[in-house]
Amino acid sequence: MDDIIEKSAMRKIYLRLLPFAILSYFLAYIDRINVSFAALTMRDDLGISAGAYGFALGTFYWGYFIFEVPSNVIMEKVGARIWIARIMITWGILAGLTALVTGSTSFGIVRFLLGVAEAGFFPGLVLYFTYWFPTYHHARIVSGFLIGLPIAVAGGAPISTALLGLDGLFGLRGWQIMYIAEGVPTVLIGILTLFVLTDRPAQAKFLTVEEKTWLSAKLDTERKAKEAVRTFSMLQGMFDLKVLLLALNYFGIVVASLGILFFVPQIIKSIGVTDNMTVGWLTMIPYISGGVGLVTWGLVSDRMNERRWNLLAACAVSAVGLIIAGLTIGSWWAMVGLSIAAFGFYGSKGPFWSMPPMFLTGTAAAASIAWINSLGNLGGFFGPWYVGVIKDWTDSYAGGLYGLAFLCVMSAVVCALFLHIPNPTVTRAHLRSPSCRVPVRCRRRLPGASR
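The notes below deal with the structure included here. (Residues numbered from 1 in each chain as written. Predicted model: local features only at pLDDT ≥ 70, side-chain atom pairs only at ≥ 80, totals over all residues. Heavy atoms only, no water.)

## Focus: the overall build of the chain
Helix and strand counts for the chain come out as 22 helices and zero strands. Taken over C-alpha atoms, the radius of gyration comes to 22 Å for the chain, in line with the 22 Å a tight globule of 451 residues would show. In terms of overall dimensions, the chain has a C-alpha envelope of 65 × 45 × 35 Å along the principal axes. Taking all 451 residues of the chain together, the buried fraction comes to 59%. Accessible surface computed for the chain: about 17,200 Å², of which carbon and sulfur atoms make up 69%. Within the chain, the 23 negative side-chain charges are centred at a point lying 10 Å from the centre of the 35 positive side-chain charges. (Helix = DSSP H or I, 4+ residues; strand = E, 2+ residues; numbered from the N terminus. Rg over C-alpha atoms; globule rule 2.2 N^0.38 Å. Buried < 20%, exposed > 50% of the residue type's maximum accessible area, 1.4 Å probe, protein only. Areas by Shrake-Rupley, 256 points an atom, 1.4 Å probe, with all protein chains shown as cover. Lys, Arg positive; Asp, Glu negative; His and termini not counted. Charge placed at Lys NZ, Arg CZ, Asp CG, Glu CD.)

So this is what it looks like as structure tokens:
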């Protein structure tokens, strides 16, 4: 009977939350990646160098860093419905205002304020999912909503370059039209959020009484299992060694992934592609690969109920791809390397974001998830700045790619040596079930396997 109720409840929750999460994260990343396409004309129009451009766009992540934890703690207090709506409306407004910048200074200021506005969105959704999904759904739901990221890059590439082609419309430059056109939908979806999200399962009108009872009992059991191991205060959670090591691992991956994200169109142009629309279409290729990695690795990690070694493998794949891209820069083989790297970058996200909820609950989880994301996302400042400076210095992207590969190796080493986090919510029944793919020799070491 419980199996029937579980399947019914989870199907309804996935259908209710996942499409909205994908759409909202699609818009979040459209807002981020459009600056990479704006650079095709914006830099020349405003006279901004590659290094200054990388520095200015990276100020977004300082605003993100400063306000990430307070934002997530506020969301845990006031509820996701109101707070996610506030985030989306304010970031949509600031995204549109980017059309008014006149140089690197004003661009950097608007990017910083955009980071302040968007702070808490991603970790807020990760935290929100812990209110609705048992732990053995975490990797696939995180991977499922993050599919909006490679879709945004792949689908947003031709959209952004097409908008650049409207140069002169209403007396505006193409990049100004792009920022305005891609900011308005975010405001509208932010308003829609007030009618779509429900803060907690107990308030869900789309679930039956039996489904609410089952889900509440399941989540309560998992919470107690974690708290039986240790209960963290907010500050204890943020400065726990495992949390800091997770942040270090994530920093390496984010520096690498965002270090190339903003320069992929320019790397493709260096191959000899001159038409901006063609650049947009070709930019889709690495991120289609990233989308495949995201979904595949999330499903595999949940099926195995294993996080650490899946994360390690994804970090290693990312490093290999970046090295291939660096060795073959200027040729079409660089596209192969970038596609392999993207497969690893995005494949790492499902296993990674399933790890903090394995040992954190309540306000400690809210603050620590945001803390990991804010520390890791400082890589969004250093990555583009570093690649831009190396490009200005050497007139090649190869050196930047090798440095990013080194950071992926660092993340893999952190994972291999330090990120052993037992899962207290793994039950003996799950380990014996046909759906479990954890190797028999490993099951004896899992907490739920002990007698």
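Picking up where we left off.
## Brief notes about the nonpolar core
Trp132, Phe145 and Leu322 are the most contacted members of the largest nonpolar core, which has 119 residues in total. Among the elements that take part in this core, helix α1 (residues 2–46) stands out by supplying 14 residues, more than any other. Beyond its immediate stretch of four places on either side in the chain, Phe145 contacts Leu18, Ala21, Ile22, Tyr25, Phe122, Leu125, Val126 and Phe129. Counting residues in each nonpolar core, the second largest holds 20 residues, with Ala38, Leu40, Ala99 and Leu163 among its members. (Core = buried A, V, L, I, M, F, W, Y, C linked by side-chain atoms within 4.5 Å. Contact = heavy atoms within 4.5 Å.)

## Comments concerning the state of the cysteines
Think of a disulfide as a covalent bridge from one cysteine sulfur atom to another cysteine sulfur atom. Summed over all chains, the structure comprises zero disulfides. Between Cys315, a free cysteine, and Cys415, which holds the nearest cysteine sulfur, the sulfur-to-sulfur gap is 5.9 Å. (Disulfide = S-S within 2.5 Å.)

## Points about the side chain of Asn310
Along the polypeptide, Asn310 turns up in helix α15 (residues 308–327). Leaving out residues up to four positions away in the same chain, Asn310 has contacts with Trp297, Val300, Ser301, Met304 and Pro351.

## Some points on helix α12 (residues 241–261)
Under the 1.5 Å per step criterion, the end-to-end length of α12 is 30 Å for 21 residues, consistent within 8% with the ideal 30 Å. Counting buried residues along α12, 16 of its 21 residues qualify, which places the element largely inside the surrounding structure. The N-terminus of α12 is capped by Asp240, whose side-chain oxygen sits 3.1 Å from the backbone nitrogen of Lys242. (Expected span 1.5 Å × (residues − 1). Polar contact = N/O pair within 3.5 Å; in protein donor to acceptor, adjacent residues only side chain to side chain.)

## Let's talk about empty space enclosed by the protein
Enumeration over the complete set of coordinates arrives at three cavities of 30 Å³ or more. Considered as a void within the structure, the largest cavity measures approximately 100 Å³ in volume. Tallying contributions element by element places α12 first for the lining of the largest cavity, with four residues. Residues of the lining of the largest cavity, tallied by class, amount to nine nonpolar, three polar and two charged. (1 Å grid on protein atoms, 1.4 Å probe; cavity = no way out; pocket = protein on both sides within 12 Å on 5 of 7 lines; lining within 4 Å. Points joined across faces, edges and corners; volume = space filled by probe spheres on them. Nonpolar A, V, L, I, M, F, W, Y, C, P; charged D, E, K, R; others polar.)

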